[in-house]
Amino acid sequence: MENSSLPFYFNLTMFVNIGYYRYPAFVLCFLLYVVIVSANLVIILVISREKALHEPMYIFILCLSINSLYGSAGFFLRFLRDLLSDTHLISRLACFTQIYVIYTYASYELTILSIMAYDRYIAVCQPLHYHIRMTSKMVFKLAAFAWIYPAFSVATCVYLSFRLPLCGNKIPKVFCANWPVVKLSCVATVINSIVGMLVSTSTVFLPLAFVLYTYIRILLVCRKGSSEFKSKVLQSCLPHIVSFVNYSITAFCDIALSRYNFEEVNPFVAVILSLEFVVIPPILNPLVYGLKLPEVKRLIFKMLSYSKTIPNK
């Protein structure tokens, strides 16, 4: 305990020394961030401007895009700065702020995906009750719950970690994460582990189980339907399935990596695996929903073609 302290900064140790390659890496990551921002802004603009898309499914897609902008900003703005820096120190307050942003982004993503699964379940399995259950008021309540519950649950975890006396300041990642900070503690972290498990269960495992349950029910209904019915259900649900599977895999890679001994993993592999869940979903979601859903795709091309005709007038 005598060496315990509250360090003023943390050292992000997983930044690999790439020398002059840092500049091409910076340009590549900056362009990736621009693509993420542009693609999600297009989805947000199309859905918000078109009254025909003011339906539950598209409102939840809008929420996904807003969350992608939120999460990517929490990661990229700091990451791009660190790519060009010789030292990778981050202040204590900035580190815990980044932990909060990235973890709420991850929790928001899963809660929104689980709500979207519920929306698809009602639409496919109880179509006659869809407009009765999925009213504007219900959509607002579900969207509010998707944001409010993770905000408070993650805040609890971050607060418990923030008050821990630490015996080190090295975080073996390229961004701040909760578990590596907890492992630096000089005291027992039983409360942190219990609360962390409860929060993980409620924001990760329960949504995952709920999504699986809804799709099992949808599959059972589809078995009895016609080929045309199955085709419509597949067209409606495929983008959500792709987003859900993609996010589940990338999140699992990050969780597994955080519990693993980083010294036994190739640094480049470790960095790539840890970046997946903050990079791939924000860029894949708008592409999947923009290209796979006919209504969104048609309106995106309509908006782009209209913008091209303006200079000619």
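Residues numbered from 1 in each chain as written. Predicted model: local features only at pLDDT ≥ 70, side-chain atom pairs only at ≥ 80, totals over all residues. Heavy atoms only, no water.

Focus: the overall build of the protein
To be explicit about the condition: Only runs of H or I of at least four residues qualify as helices and only runs of E of at least two qualify as strands under DSSP, and these elements are numbered from the N terminus. Each residue gets one of three labels from its accessible area relative to the maximum for its type: buried under 20%, exposed over 50%, partly exposed in between, using a 1.4 Å probe on protein chains only. What makes two residues a contact is simply this: any of their non-hydrogen atoms within 4.5 Å. Using a 1.4 Å probe, accessible areas were evaluated by the Shrake-Rupley method; residue-level cover was limited to the displayed protein chains.
Assigned secondary structure in the protein consists of 10 helices and three strands. Helices and strands in the protein line up, N terminus first, as β-α-α-β-α-α-α-β-α-α-α-α-α. Among the 313 residues that make up the protein, the fraction classed as buried is 46%. Across the protein, every contact between residues at least 6 apart in sequence was considered, and the portion connecting residues at least 24 apart equals 81%. By element, 69% of the accessible surface of the protein is carried by carbon and sulfur atoms, the whole surface being about 16,800 Å².

Overview of the sheet that holds strand β2 (residues 89-91)
The condition is simple: Strand pairing is defined by DSSP finding a minimum of two bridges between the two strands. Between the N-to-C directions of two axes lies an angle of 0 to 180 degrees, each axis being a line fitted to C-alpha atoms and, for a helix, fitted only over the stretch in contact.
With respect to topology, three strands assemble into an open sheet ordered β2-β1-β3, the strand pairing being mixed. A strand with exactly one partner marks an edge of an open sheet, and here the two such strands are β2 and β3 (170-171). Here strand β1 (residues 9-12) runs beside β3; their pairing, made up of two bridges, is parallel. By the bridge assignment for β3, asparagine 11 is matched with lysine 170. Against the sheet, helix α3 (residues 92-125) engages β1, β2 and β3, with an angle of about 85° to β2.

As for a nonpolar patch on the surface
Definition in use: Candidate patch residues must exceed 30% relative accessible area and have no salt bridge, after which like charges are joined if within 9 Å and Val, Leu, Ile, Met, Phe, Trp or Tyr side chains if within 5 Å. Each reported salt bridge corresponds to a side-chain nitrogen of Lys or Arg within 4 Å of a carboxyl oxygen of Asp or Glu.
On the surface, a nonpolar cluster with roughly 450 Å² of combined accessible area is contributed by Leu234, Leu238, Ile241, Val242, Val245 and Ile249. With respect to the element layout, leucine 234 can be found in helix α8 (residues 227-258).

Notes on empty space enclosed by the protein
Going by this rule: The definitions used throughout rest on a 1 Å grid laid over the protein atoms alone, on which a cavity is an enclosed set of points accommodating a 1.4 Å probe that cannot get out and a pocket is an open set flanked by protein within 12 Å on both sides along at least five of seven lines; lining residues are those having an atom within 4 Å of a point. Grid points are joined across faces, edges and corners, and a volume is the space filled by probe spheres set on the points. Classification convention: Asp, Glu, Lys, Arg as charged; Ala, Val, Leu, Ile, Met, Phe, Trp, Tyr, Cys, Pro as nonpolar; all other residues, Gly among them, as polar.
The full count for this structure, using the stated rule, is one cavity of 30 Å³ or more. Looking at the largest cavity, its volume works out to about 50 Å³. Met57, Met116, Arg120, His240 and Tyr289 are, among the 10 residues lining the largest cavity, the residues nearest its centre. Put simply, the parts of the chain that give the lining of the largest cavity at least two residues each are α2 (56-83), α3 and α8. Residue composition of the lining of the largest cavity, by class: six nonpolar, two polar and two charged.

Overview of the pattern of salt bridges
Side chains carrying opposite charge are able to pair once their charged atoms draw close together. On inspection of all chains with the given rule, the structure shows four salt bridges. The residue arginine 78 makes a salt bridge to aspartate 82 at a minimum N-O spacing of 3.2 Å. Placement of both arginine 78 and aspartate 82 in helix α2 is noted, with a separation of four residues, approximately one turn of the helix. Aspartate 82 gets classed as buried once you look at its relative accessible area, which sits at 2%. In this structure, lysine 232 engages glutamate 228 in a salt bridge whose closest nitrogen and oxygen atoms are separated by 3.6 Å. With lysine 232 and glutamate 228 both in helix α8 and four residues apart, this pair spans about one turn of that helix. No difference in accessibility class separates lysine 232 from glutamate 228, as the two residues are exposed.

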